[in-house]
Amino acid sequence: MWPLANYHSFKISRSASELYEVRTIDDARKVSDFDNFLILGDGTNTIFIDDYDGAIVKSCISGVDCQAQDEGWYIRVGAQENWHRFVTWTLNENIRGLENLVLIPGSVGAAPVQNIGAYGVEVSQYIKTVEAVHLATGQQHTLTNHQCDFSYRDSIFKRQPGAWLITHVNFFIPKSWQPNLSYPALAELNTETSVTAQSIADKVIAIRSSKLPDPARLPNAGSFFKNPLVSVEHYQQLIGSFPDLIAFKQNTGYKLAAGWLIEHLGLKGACCGDCCVHDKQALVLVNQGHATGGDVLALCRLIQQRVEHAFGVMLEPEVRMVGHGGLIHDVSHYPG
Ligand code: EPU
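Everything quoted here is computed from the prediction, not taken from an experiment.

Peer 1: I'm lost on the site of the ligand in this one. Help?
Peer 2: Every one of the 23 residues lining the ligand counts as a neighbour, but Tyr119, Tyr152, Tyr183, Glu263 and Gln281 are closest to it. The separation between an oxygen atom of the ligand and a polar main-chain atom of tyrosine 119 is 2.6 Å. At 3.3 Å, a side-chain N or O of arginine 208 approaches an oxygen atom of the ligand. Here the ligand has 810 Å² of accessible area as a free molecule, and 84% of this is covered by the chains. Contributions of two or more residues to the shell around the ligand are made by strand E8 (117-118), helix H5 (197-211), strand E13 (220-223) and helix H7 (258-264). Examining the composition of the shell around the ligand, we find that 3 residues originate from one element, H7, more than from any other. A class-by-class count of the residues in the shell around the ligand yields 10 nonpolar, 6 polar and 7 charged.

The structure is reproduced here in C-alpha coordinates:
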(Lines give C-alpha, C1' and ligand atoms only; values in the text may rest on other atoms or scores of the structure.)
Protein backbone atom coordinates (compact mmCIF):
# COMPACT_ATOMS: atom_id res chain seq x y z
CA MET A 1 0.00 0.00 0.00
CA TRP A 2 1.21 3.53 -0.77
CA PRO A 3 0.31 6.27 1.79
CA LEU A 4 -1.28 9.31 0.13
CA ALA A 5 -1.45 11.99 2.84
CA ASN A 6 1.52 13.80 1.27
CA TYR A 7 0.20 13.35 -2.27
CA HIS A 8 -2.94 15.49 -1.96
CA SER A 9 -3.24 18.92 -0.43
CA PHE A 10 -6.38 17.99 1.56
CA LYS A 11 -4.14 15.54 3.45
CA ILE A 12 -6.61 12.81 4.41
CA SER A 13 -4.57 9.73 5.42
CA ARG A 14 -5.61 7.33 2.71
CA SER A 15 -3.54 5.00 0.56
CA ALA A 16 -3.35 3.53 -2.95
CA SER A 17 -2.16 0.10 -4.06
CA GLU A 18 1.05 1.52 -5.51
CA LEU A 19 2.77 4.55 -7.02
CA TYR A 20 4.02 4.50 -10.62
CA GLU A 21 6.26 7.31 -11.87
CA VAL A 22 6.43 8.11 -15.56
CA ARG A 23 9.84 9.43 -16.68
CA THR A 24 9.88 8.39 -20.34
CA ILE A 25 7.38 7.83 -23.13
CA ASP A 26 8.00 4.09 -22.76
CA ASP A 27 6.99 4.32 -19.08
CA ALA A 28 3.80 6.07 -20.21
CA ARG A 29 3.00 3.26 -22.64
CA LYS A 30 3.02 0.75 -19.76
CA VAL A 31 0.37 2.62 -17.75
CA SER A 32 -2.44 0.78 -19.51
CA ASP A 33 -1.12 -2.51 -18.05
CA PHE A 34 -2.70 -1.51 -14.72
CA ASP A 35 -6.29 -2.69 -14.26
CA ASN A 36 -7.08 0.46 -12.34
CA PHE A 37 -5.05 3.66 -12.27
CA LEU A 38 -5.43 7.35 -11.59
CA ILE A 39 -3.22 10.10 -13.01
CA LEU A 40 -2.22 12.64 -10.38
CA GLY A 41 -0.33 15.94 -10.63
CA ASP A 42 0.53 17.70 -7.37
CA GLY A 43 -2.81 16.56 -5.87
CA THR A 44 -4.03 20.11 -5.20
CA ASN A 45 -7.44 19.51 -6.80
CA THR A 46 -8.01 15.90 -5.74
CA ILE A 47 -9.34 14.52 -2.44
CA PHE A 48 -8.85 10.86 -1.52
CA ILE A 49 -12.10 9.96 0.23
CA ASP A 50 -11.27 6.25 0.68
CA ASP A 51 -8.30 3.97 0.10
CA TYR A 52 -7.89 3.71 -3.66
CA ASP A 53 -7.77 0.22 -5.10
CA GLY A 54 -5.38 0.99 -7.95
CA ALA A 55 -2.09 2.64 -8.95
CA ILE A 56 -1.36 6.34 -8.69
CA VAL A 57 0.42 7.48 -11.86
CA LYS A 58 2.59 10.57 -11.71
CA SER A 59 4.21 12.29 -14.67
CA CYS A 60 7.79 13.08 -13.62
CA ILE A 61 8.86 14.80 -16.84
CA SER A 62 10.50 18.15 -16.17
CA GLY A 63 12.23 20.95 -18.08
CA VAL A 64 11.46 24.38 -19.54
CA ASP A 65 12.55 25.20 -23.08
CA CYS A 66 11.91 28.75 -24.32
CA GLN A 67 12.29 30.02 -27.89
CA ALA A 68 11.95 33.76 -28.45
CA GLN A 69 10.54 34.74 -31.87
CA ASP A 70 9.59 38.14 -33.26
CA GLU A 71 5.91 37.70 -32.39
CA GLY A 72 6.32 36.11 -28.98
CA TRP A 73 7.67 33.25 -26.86
CA TYR A 74 7.15 29.57 -27.53
CA ILE A 75 7.70 27.70 -24.26
CA ARG A 76 7.65 23.92 -23.87
CA VAL A 77 7.25 22.82 -20.27
CA GLY A 78 7.43 19.32 -18.72
CA ALA A 79 4.26 18.18 -16.94
CA GLN A 80 5.92 17.86 -13.54
CA GLU A 81 7.03 21.50 -13.28
CA ASN A 82 5.30 23.52 -10.57
CA TRP A 83 2.81 26.02 -11.98
CA HIS A 84 3.59 28.94 -9.66
CA ARG A 85 7.35 28.53 -10.12
CA PHE A 86 6.84 28.53 -13.89
CA VAL A 87 4.77 31.73 -13.77
CA THR A 88 7.39 33.38 -11.54
CA TRP A 89 10.10 32.34 -13.99
CA THR A 90 8.21 33.94 -16.92
CA LEU A 91 7.85 37.20 -14.99
CA ASN A 92 11.56 37.22 -14.13
CA GLU A 93 12.30 36.77 -17.85
CA ASN A 94 9.99 39.74 -18.56
CA ILE A 95 7.52 37.46 -20.37
CA ARG A 96 4.12 38.98 -19.64
CA GLY A 97 0.72 37.27 -19.83
CA LEU A 98 0.46 34.68 -17.07
CA GLU A 99 0.58 37.15 -14.16
CA ASN A 100 -3.15 36.82 -13.27
CA LEU A 101 -2.57 33.09 -12.75
CA VAL A 102 0.20 33.46 -10.20
CA LEU A 103 0.07 31.41 -6.96
CA ILE A 104 -2.36 28.80 -8.29
CA PRO A 105 -1.24 25.53 -6.68
CA GLY A 106 -0.50 22.48 -8.81
CA SER A 107 1.64 21.24 -11.67
CA VAL A 108 1.94 22.49 -15.26
CA GLY A 109 0.66 19.14 -16.56
CA ALA A 110 -2.55 19.49 -14.56
CA ALA A 111 -3.19 23.07 -15.72
CA PRO A 112 -4.87 22.15 -19.05
CA VAL A 113 -6.91 19.32 -17.49
CA GLN A 114 -9.23 21.64 -15.60
CA ASN A 115 -8.26 24.73 -17.59
CA ILE A 116 -7.14 26.62 -14.49
CA GLY A 117 -8.35 30.18 -14.31
CA ALA A 118 -8.31 33.19 -12.04
CA TYR A 119 -8.87 36.95 -12.13
CA GLY A 120 -10.20 37.11 -15.67
CA VAL A 121 -7.69 34.78 -17.37
CA GLU A 122 -7.84 31.09 -18.27
CA VAL A 123 -4.69 29.13 -19.07
CA SER A 124 -6.24 27.96 -22.37
CA GLN A 125 -5.71 31.49 -23.73
CA TYR A 126 -1.96 30.81 -23.72
CA ILE A 127 -1.80 27.09 -24.58
CA LYS A 128 -0.79 26.37 -28.17
CA THR A 129 -0.64 22.57 -27.97
CA VAL A 130 -0.56 19.77 -25.40
CA GLU A 131 1.70 16.74 -25.89
CA ALA A 132 0.14 13.58 -24.48
CA VAL A 133 0.32 9.81 -24.81
CA HIS A 134 -2.97 8.18 -25.74
CA LEU A 135 -2.87 5.32 -23.25
CA ALA A 136 -5.14 2.88 -25.08
CA THR A 137 -2.92 2.89 -28.20
CA GLY A 138 0.41 4.03 -26.72
CA GLN A 139 0.67 6.71 -29.41
CA GLN A 140 2.14 10.15 -28.83
CA HIS A 141 -0.10 13.03 -29.93
CA THR A 142 0.24 16.78 -30.06
CA LEU A 143 -3.26 18.12 -29.50
CA THR A 144 -4.01 21.60 -30.77
CA ASN A 145 -5.72 24.10 -28.51
CA HIS A 146 -8.91 23.48 -30.49
CA GLN A 147 -8.65 19.70 -30.03
CA CYS A 148 -8.29 20.16 -26.26
CA ASP A 149 -11.85 21.57 -26.37
CA PHE A 150 -11.37 23.91 -23.42
CA SER A 151 -14.21 25.51 -21.50
CA TYR A 152 -14.77 26.74 -17.93
CA ARG A 153 -12.74 24.33 -15.71
CA ASP A 154 -13.07 21.70 -18.41
CA SER A 155 -11.23 20.04 -21.30
CA ILE A 156 -11.05 16.78 -23.25
CA PHE A 157 -8.60 15.53 -20.59
CA LYS A 158 -11.13 16.10 -17.81
CA ARG A 159 -13.99 14.58 -19.79
CA GLN A 160 -11.97 11.46 -20.71
CA PRO A 161 -10.22 10.63 -17.42
CA GLY A 162 -7.46 8.06 -17.85
CA ALA A 163 -7.40 8.37 -21.64
CA TRP A 164 -4.40 10.70 -21.94
CA LEU A 165 -1.14 11.16 -20.05
CA ILE A 166 0.13 14.69 -20.55
CA THR A 167 3.90 14.90 -20.93
CA HIS A 168 4.43 18.53 -22.02
CA VAL A 169 2.45 21.74 -22.40
CA ASN A 170 3.42 24.18 -25.18
CA PHE A 171 2.62 27.83 -24.50
CA PHE A 172 2.65 30.76 -26.89
CA ILE A 173 2.85 34.14 -25.17
CA PRO A 174 2.66 37.08 -27.56
CA LYS A 175 5.01 40.03 -27.12
CA SER A 176 2.13 42.47 -27.52
CA TRP A 177 1.00 42.62 -23.88
CA GLN A 178 -2.25 44.09 -22.58
CA PRO A 179 -2.92 44.03 -18.83
CA ASN A 180 -6.11 42.12 -17.99
CA LEU A 181 -7.82 44.14 -15.24
CA SER A 182 -11.34 42.97 -16.06
CA TYR A 183 -11.87 41.22 -12.73
CA PRO A 184 -13.49 43.61 -10.22
CA ALA A 185 -10.80 42.99 -7.57
CA LEU A 186 -8.09 44.22 -9.97
CA ALA A 187 -10.00 47.28 -11.16
CA GLU A 188 -8.25 49.61 -8.72
CA LEU A 189 -4.99 49.06 -10.64
CA ASN A 190 -6.66 50.82 -13.57
CA THR A 191 -6.15 54.14 -11.89
CA GLU A 192 -2.39 53.57 -11.73
CA THR A 193 -0.56 55.01 -14.69
CA SER A 194 2.24 52.47 -14.72
CA VAL A 195 0.60 49.10 -14.27
CA THR A 196 3.09 46.30 -14.91
CA ALA A 197 2.81 42.52 -15.07
CA GLN A 198 4.69 42.38 -11.76
CA SER A 199 2.30 44.84 -10.08
CA ILE A 200 -0.65 42.69 -11.23
CA ALA A 201 1.08 39.55 -9.92
CA ASP A 202 1.73 41.31 -6.59
CA LYS A 203 -1.93 42.33 -6.34
CA VAL A 204 -3.17 38.82 -7.21
CA ILE A 205 -0.81 37.34 -4.60
CA ALA A 206 -2.14 39.81 -2.01
CA ILE A 207 -5.80 38.99 -2.80
CA ARG A 208 -5.26 35.23 -2.92
CA SER A 209 -3.27 35.24 0.33
CA SER A 210 -5.98 37.22 2.11
CA LYS A 211 -8.87 34.91 1.08
CA LEU A 212 -7.54 31.53 0.12
CA PRO A 213 -5.97 29.34 2.79
CA ASP A 214 -2.38 28.22 2.16
CA PRO A 215 -2.65 24.43 1.69
CA ALA A 216 0.70 24.03 3.51
CA ARG A 217 -0.85 25.50 6.68
CA LEU A 218 -4.54 24.65 6.38
CA PRO A 219 -5.11 21.65 4.09
CA ASN A 220 -7.61 22.36 1.27
CA ALA A 221 -8.14 21.74 -2.43
CA GLY A 222 -9.05 25.26 -3.62
CA SER A 223 -12.59 25.93 -4.81
CA PHE A 224 -14.64 22.90 -3.86
CA PHE A 225 -17.57 23.67 -6.20
CA LYS A 226 -17.83 25.24 -9.66
CA ASN A 227 -19.68 28.49 -10.08
CA PRO A 228 -23.01 27.32 -11.58
CA LEU A 229 -24.39 28.61 -14.86
CA VAL A 230 -28.11 29.44 -14.86
CA SER A 231 -30.50 30.67 -17.57
CA VAL A 232 -31.42 34.35 -17.91
CA GLU A 233 -34.95 33.55 -16.63
CA HIS A 234 -33.62 31.74 -13.58
CA TYR A 235 -31.22 34.62 -12.86
CA GLN A 236 -34.02 37.17 -13.13
CA GLN A 237 -36.15 35.20 -10.65
CA LEU A 238 -33.23 34.98 -8.23
CA ILE A 239 -32.23 38.64 -8.45
CA GLY A 240 -35.87 39.55 -7.69
CA SER A 241 -35.64 37.66 -4.40
CA PHE A 242 -31.94 38.29 -3.65
CA PRO A 243 -30.97 41.76 -4.89
CA ASP A 244 -27.38 41.40 -3.54
CA LEU A 245 -26.75 38.20 -5.50
CA ILE A 246 -23.38 38.26 -7.28
CA ALA A 247 -23.42 36.89 -10.82
CA PHE A 248 -21.47 37.35 -14.05
CA LYS A 249 -23.11 37.61 -17.47
CA GLN A 250 -22.09 34.82 -19.90
CA ASN A 251 -23.02 34.13 -23.53
CA THR A 252 -25.86 31.80 -22.57
CA GLY A 253 -26.95 32.98 -19.13
CA TYR A 254 -25.36 33.97 -15.82
CA LYS A 255 -22.61 32.39 -13.77
CA LEU A 256 -23.51 32.68 -10.08
CA ALA A 257 -20.85 33.24 -7.43
CA ALA A 258 -21.26 29.97 -5.51
CA GLY A 259 -19.28 31.45 -2.60
CA TRP A 260 -21.97 34.10 -2.23
CA LEU A 261 -24.78 31.47 -2.28
CA ILE A 262 -23.05 29.45 0.46
CA GLU A 263 -22.22 32.51 2.56
CA HIS A 264 -25.77 33.83 2.21
CA LEU A 265 -27.07 30.62 3.82
CA GLY A 266 -24.89 31.29 6.87
CA LEU A 267 -22.66 28.32 6.14
CA LYS A 268 -19.28 30.05 6.49
CA GLY A 269 -17.49 28.18 9.25
CA ALA A 270 -20.01 25.28 9.18
CA CYS A 271 -18.39 21.90 9.83
CA CYS A 272 -19.07 18.20 9.48
CA GLY A 273 -16.51 16.62 11.77
CA ASP A 274 -13.20 18.25 10.94
CA CYS A 275 -14.17 19.37 7.43
CA CYS A 276 -15.30 23.01 7.46
CA VAL A 277 -16.37 25.82 5.16
CA HIS A 278 -13.47 28.29 5.15
CA ASP A 279 -14.35 31.45 7.08
CA LYS A 280 -12.84 33.84 4.49
CA GLN A 281 -13.97 32.12 1.24
CA ALA A 282 -17.10 29.98 1.40
CA LEU A 283 -16.26 28.13 -1.83
CA VAL A 284 -13.28 26.48 -0.15
CA LEU A 285 -13.58 23.55 2.26
CA VAL A 286 -10.69 23.01 4.67
CA ASN A 287 -9.38 20.10 6.71
CA GLN A 288 -9.05 21.32 10.31
CA GLY A 289 -6.78 18.42 11.16
CA HIS A 290 -8.45 15.03 11.17
CA ALA A 291 -11.17 15.28 8.51
CA THR A 292 -12.28 11.94 7.09
CA GLY A 293 -13.66 11.18 3.65
CA GLY A 294 -17.07 10.81 5.32
CA ASP A 295 -16.79 14.35 6.75
CA VAL A 296 -16.07 15.74 3.26
CA LEU A 297 -19.00 13.88 1.69
CA ALA A 298 -21.36 14.94 4.50
CA LEU A 299 -20.46 18.64 4.19
CA CYS A 300 -20.58 18.49 0.39
CA ARG A 301 -24.10 17.00 0.50
CA LEU A 302 -25.28 19.43 3.18
CA ILE A 303 -24.16 22.43 1.08
CA GLN A 304 -25.64 20.98 -2.12
CA GLN A 305 -29.01 20.32 -0.43
CA ARG A 306 -29.21 23.74 1.24
CA VAL A 307 -28.23 25.60 -1.95
CA GLU A 308 -30.62 23.61 -4.10
CA HIS A 309 -33.46 24.19 -1.67
CA ALA A 310 -32.86 27.95 -1.42
CA PHE A 311 -31.82 28.84 -4.98
CA GLY A 312 -32.90 25.89 -7.15
CA VAL A 313 -29.33 25.24 -8.29
CA MET A 314 -27.35 22.01 -7.89
CA LEU A 315 -23.71 22.81 -7.14
CA GLU A 316 -21.28 20.58 -8.98
CA PRO A 317 -17.98 19.70 -7.29
CA GLU A 318 -14.95 21.27 -8.92
CA VAL A 319 -12.50 19.02 -7.05
CA ARG A 320 -11.95 15.40 -8.05
CA MET A 321 -12.99 13.03 -5.26
CA VAL A 322 -11.56 9.51 -5.32
CA GLY A 323 -13.14 6.44 -3.74
CA HIS A 324 -12.18 2.73 -3.67
CA GLY A 325 -12.85 2.22 -7.37
CA GLY A 326 -11.71 5.58 -8.76
CA LEU A 327 -13.31 8.95 -9.42
CA ILE A 328 -16.59 9.54 -7.61
CA HIS A 329 -18.98 10.81 -10.26
CA ASP A 330 -22.10 11.07 -8.14
CA VAL A 331 -21.63 12.11 -4.52
CA SER A 332 -25.28 11.43 -3.66
CA HIS A 333 -24.95 7.72 -4.47
CA TYR A 334 -21.49 7.09 -3.02
CA PRO A 335 -21.70 5.12 0.27
CA GLY A 336 -20.49 6.92 3.37
N1 EPU B 1 -18.14 35.73 -2.49
C2 EPU B 1 -18.91 35.88 -1.37
N3 EPU B 1 -18.66 35.06 -0.30
C4 EPU B 1 -17.68 34.14 -0.32
C5 EPU B 1 -16.90 33.98 -1.48
C6 EPU B 1 -17.15 34.80 -2.56
O7 EPU B 1 -19.80 36.70 -1.31
O8 EPU B 1 -17.51 33.47 0.70
C9 EPU B 1 -18.35 36.67 -3.61
C10 EPU B 1 -17.15 37.62 -3.68
O11 EPU B 1 -17.32 38.72 -2.86
C12 EPU B 1 -17.10 38.00 -5.14
C13 EPU B 1 -17.66 36.76 -5.83
O14 EPU B 1 -18.33 35.99 -4.83
O15 EPU B 1 -17.93 39.09 -5.41
C16 EPU B 1 -16.57 35.94 -6.46
O17 EPU B 1 -15.62 35.56 -5.45
P18 EPU B 1 -14.06 35.38 -5.75
O19 EPU B 1 -13.51 36.53 -6.49
O20 EPU B 1 -13.40 35.02 -4.46
O21 EPU B 1 -14.01 34.16 -6.77
P22 EPU B 1 -14.84 32.79 -6.87
O23 EPU B 1 -15.83 32.90 -7.96
O24 EPU B 1 -15.33 32.38 -5.52
C25 EPU B 1 -13.25 31.84 -8.72
C26 EPU B 1 -12.43 30.61 -8.95
C27 EPU B 1 -11.14 30.68 -8.12
C28 EPU B 1 -10.37 31.92 -8.53
C29 EPU B 1 -11.25 33.15 -8.30
C30 EPU B 1 -10.61 34.42 -8.78
C31 EPU B 1 -13.99 28.85 -9.50
C32 EPU B 1 -14.68 27.59 -9.05
N33 EPU B 1 -13.20 29.43 -8.61
O34 EPU B 1 -13.65 31.81 -7.34
O35 EPU B 1 -10.37 29.54 -8.45
O36 EPU B 1 -9.16 32.05 -7.79
O37 EPU B 1 -12.49 32.99 -9.04
O38 EPU B 1 -10.65 34.47 -10.18
O39 EPU B 1 -14.20 29.27 -10.64
C40 EPU B 1 -9.97 27.27 -7.82
O41 EPU B 1 -10.43 26.96 -8.92
O42 EPU B 1 -9.56 26.42 -7.00
C43 EPU B 1 -9.95 28.68 -7.46
C44 EPU B 1 -9.56 29.10 -6.25
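There's plenty left to go through after this.
Peer 1: For this particular structure, what's the right way to read the packing of aromatic side chains?
Peer 2: By convention here, two paired aromatic rings are described through the distance between centres and the angle between planes. Scanning the entire structure with this criterion turns up 15 aromatic pairs. Taking the centre distance of 5.7 Å and the plane angle of 65° together, the rings of tryptophan 83 and phenylalanine 86 count as edge-to-face. With tryptophan 83 and phenylalanine 86 both in helix H2 (residues 83-92) and 3 residues apart, this pair spans about one turn of that helix. Overall, the relative accessible area of 3% leaves phenylalanine 86 in the buried class. When the ring of phenylalanine 86 is compared with that of phenylalanine 171, the centres are 5.1 Å apart and the planes differ by 35°; the resulting orientation is tilted.

Peer 1: Just to check I follow, could you spell out the pairing of strand E12 (residues 164-174) for this structure?
Peer 2: In the case of a regular strand, side chains alternate between the two sheet surfaces. Counting buried residues in E12 gives 9 out of 11 residues, a clear majority hidden from the surface. Strand direction decides the pairing type here: strand E7 (residues 72-78) and E12, joined by 7 bridges, are antiparallel. Pairing of isoleucine 75 across the sheet is with phenylalanine 171, part of E12. Relative to E12, strand E10 (residues 127-134) is paired through 7 bridges, and the arrangement is antiparallel. Paired with valine 130 across the bridge in E12 is valine 169.

Peer 1: Help me understand the environment of glutamate 308, please; the structure alone is not making it clear to me.
Peer 2: Residue position: glutamate 308 is located in helix H8 (residues 293-311). Sequence spacing of glutamate 308 and leucine 261 is 47 residues, and the spatial spacing of their C-alpha atoms is 10.0 Å. Apart from residues lying up to four places away in sequence, glutamate 308 is in contact with Val313 and Met314.

Peer 1: For this particular structure, what's the right way to read the pattern of salt bridges?
Peer 2: As a working rule, side chains carrying opposite charge can pair if their charged atoms are close by. Considering all chains together, one arrives at 12 salt bridges under this definition. Between glutamate 131 and arginine 76 there is a salt bridge, and its shortest N-O distance comes to 2.8 Å. Of this pair, glutamate 131 sits in strand E10 while arginine 76 sits in strand E7; the two residues are 55 residues apart in sequence, bridging distant segments of the chain. Arginine 159 is the salt-bridge partner of aspartate 154, the closest N and O atoms lying 2.8 Å from each other. Take arginine 159: its relative accessible area is 40%, and that puts it in the partly exposed class. Connected via shared salt-bridge partners are Arg14, Asp50 and Asp51.

The rules behind these values
Residues numbered from 1 in each chain as written. Predicted model: local features only at pLDDT ≥ 70, side-chain atom pairs only at ≥ 80, totals over all residues. Heavy atoms only, no water. Near = heavy atom within 4 Å. Polar contact = N/O pair within 3.5 Å; in protein donor to acceptor, adjacent residues only side chain to side chain. Areas by Shrake-Rupley, 256 points an atom, 1.4 Å probe, with all protein chains shown as cover. Helix = DSSP H or I, 4+ residues; strand = E, 2+ residues; numbered from the N terminus. Nonpolar A, V, L, I, M, F, W, Y, C, P; charged D, E, K, R; others polar. Phe/Tyr/Trp six-rings, centres within 6.5 Å; stacked < 30°, edge-to-face > 60°. Buried < 20%, exposed > 50% of the residue type's maximum accessible area, 1.4 Å probe, protein only. Pairing = 2+ DSSP bridges. Contact = heavy atoms within 4.5 Å. Salt bridge = Lys/Arg side-chain N within 4 Å of Asp/Glu carboxyl O.

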